[in-house]
Amino acid sequence: MLPSLGPTLKEKDATKWMASLREYLAPGESVRALSRFNTMRPLTDAIAVTDRRVIAFFSASVNKKGPLVEIASSEIGSADSNTKFGGRTLTVHAPGKDPRHVGTMRPDDVSFVVGQVNAIAAATEPEVPTVDVYDPFSKPWEAPSAPDEGPRPQFAAPTPPNHSPQQAFDEPVATEPSYGALDAEIGRKKRLVPLWKSIPVYVISGLFALLVVVAVIDPDAGASIALGMLFVAFIPVLVLTRARHNATKRRAASSGSEPVFGPFERNWLPVGIPVAILLFIVSVALS
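Okay, so let's go over this structure. All of these numbers come straight from a predicted model, not from anything done at the bench.

1. Some points on the nonpolar core
Okay, step 1: If you look at the biggest cluster of nonpolar residues, it comprises 21 residues, and the most contacted ones within it are Phe-37, Val-54, Ile-76, Leu-90, Met-105, Val-113 and Val-117.
Okay, step 2: Contacts of Val-117, omitting those with residues within four sequence positions, involve Val-49, Val-54, Ile-76, Ala-79 and Leu-90.
Okay, step 3: Counting 13 residues, the second-largest nonpolar core is a separate cluster that includes Leu-9, Leu-21, Leu-25 and Ile-55.

2. So, the pairing of strand S8 (residues 100-105)
Okay, step 1: Here S8 lies mainly inside the structure; five of its six residues are buried.
Okay, step 2: Summarising the sheet, strand S7 (residues 87-93) and S8 pair through five bridges and their orientation is antiparallel. Directly across from Leu-90, in S8, lies its bridge partner Gly-103.

3. Focus: a nonpolar patch on the surface
Okay, step 1: On the surface, a cluster of nonpolar side chains totalling about 450 Å² of accessible area is made up of Ile-273, Ile-277, Phe-280, Ile-281 and Val-284.
Okay, step 2: Given the relative accessible area of 45%, Ile-277 is considered partly exposed.

4. Brief notes about the pattern of salt bridges
Okay, step 1: Scanning all chains against the criterion turns up three salt bridges.
Okay, step 2: Ionic pairing is found between Asp-13 and Arg-36, a salt bridge with its closest N-O pair at 2.9 Å. Linking Asp-13 in helix H1 (residues 11-21) with Arg-36 in strand S2 (residues 31-39), this pair joins segments that are 23 residues apart in sequence.
Okay, step 3: For Arg-36, a relative accessible area of 18% puts it in the buried group.
Okay, step 4: Three or more residues are tied together by salt bridges with common partners; here these are Glu-29, Arg-53 and Glu-70.

Rules used throughout
For every chain, the first residue of its written sequence is number 1, and the numbers climb from 1 along that sequence. In keeping with the model being predicted, local features are shown solely for residues with a pLDDT of at least 70 and side-chain atom pairs are shown and tallied solely at 80 or more, while totals for entire chains, interfaces and linings include all residues. Hydrogens are left out, water is left out, and the side-chain values use all remaining heavy atoms of the structure. Nonpolar cores were defined as sets of buried Ala, Val, Leu, Ile, Met, Phe, Trp, Tyr and Cys residues, with membership established by side-chain atoms within 4.5 Å. For every residue, the accessible area (1.4 Å probe, protein chains only) is compared with the maximum for its type, and the residue is labelled buried under 20%, exposed over 50%, or partly exposed between those bounds. Throughout, a residue-residue contact means that at least one pair of heavy atoms, one from each residue, lies within 4.5 Å. A run of H or I in DSSP becomes a helix once it reaches four residues, and a run of E becomes a strand once it reaches two; helices and strands are each numbered from the N terminus. Pairing between two strands requires that DSSP report at least two bridges joining them. Each patch groups residues whose relative accessible area exceeds 30% and which form no salt bridge, using 9 Å between like charges and 5 Å between nonpolar side chains of Val, Leu, Ile, Met, Phe, Trp and Tyr. To measure how exposed things are, a 1.4 Å probe is used in the Shrake-Rupley method; for residues, cover is taken only from the protein chains shown. Whenever Lys or Arg places a side-chain nitrogen within 4 Å of a carboxyl oxygen from Asp or Glu, that contact is recorded as a salt bridge.

As structure tokens, then:
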């Protein structure tokens, strides 16, 4: 029987996830809810709320790597969602600790995920029953005390402190579990642009940059050919920096942090396009 499913999760996907998660559950542990969810480091796309913890995993490799993010119910006072960079971030509060921004949710799944996490926020491990044994040689008879029937205390969500953008960026996105077979590449920083996209850009730019050098050395080539080759070599570089800029923004939005752009992650198109047009015009005028 399937647990409660998020609004954007299909039953056929949930069935596969449950089959892969069963071997990673502790004895007696049961899954209460499944939903789609995203974290970047480690990369996950799903979340499961059990009666003991909150776990996130990557659905394509959960049968091999198991859960990649784990938060015990005893470490959760309450949960809510914050809007950052247009995305909804699951935030977990605990008494005496800073808020933990776990990952992002789809708009339709926000109330479902937050509600399920809050449902186990006050859950604790069952206590082992004890037996009061009467020993007449060591103490006088005392009637056994009645069990405390008082209400279970509930944790109130603390007011989130105002973090500066740099503090939000330094805050860890998720905590990796202390068990399970994890791949060594999980802890590595993912590339902003895959190599299969970057290598063609490097090859094209390098080829035409070499032609620029040849045109400068060859007195018969002329300045127009050198500028024309430089124009062609310049365009792929602009495209690559634009792709890295967008990838940096998406990564920061997924982790709920402020994007930090290096020299090769800035958007150079507003400057690069006029320069490229100017090179093209000058090369045509000199030809």
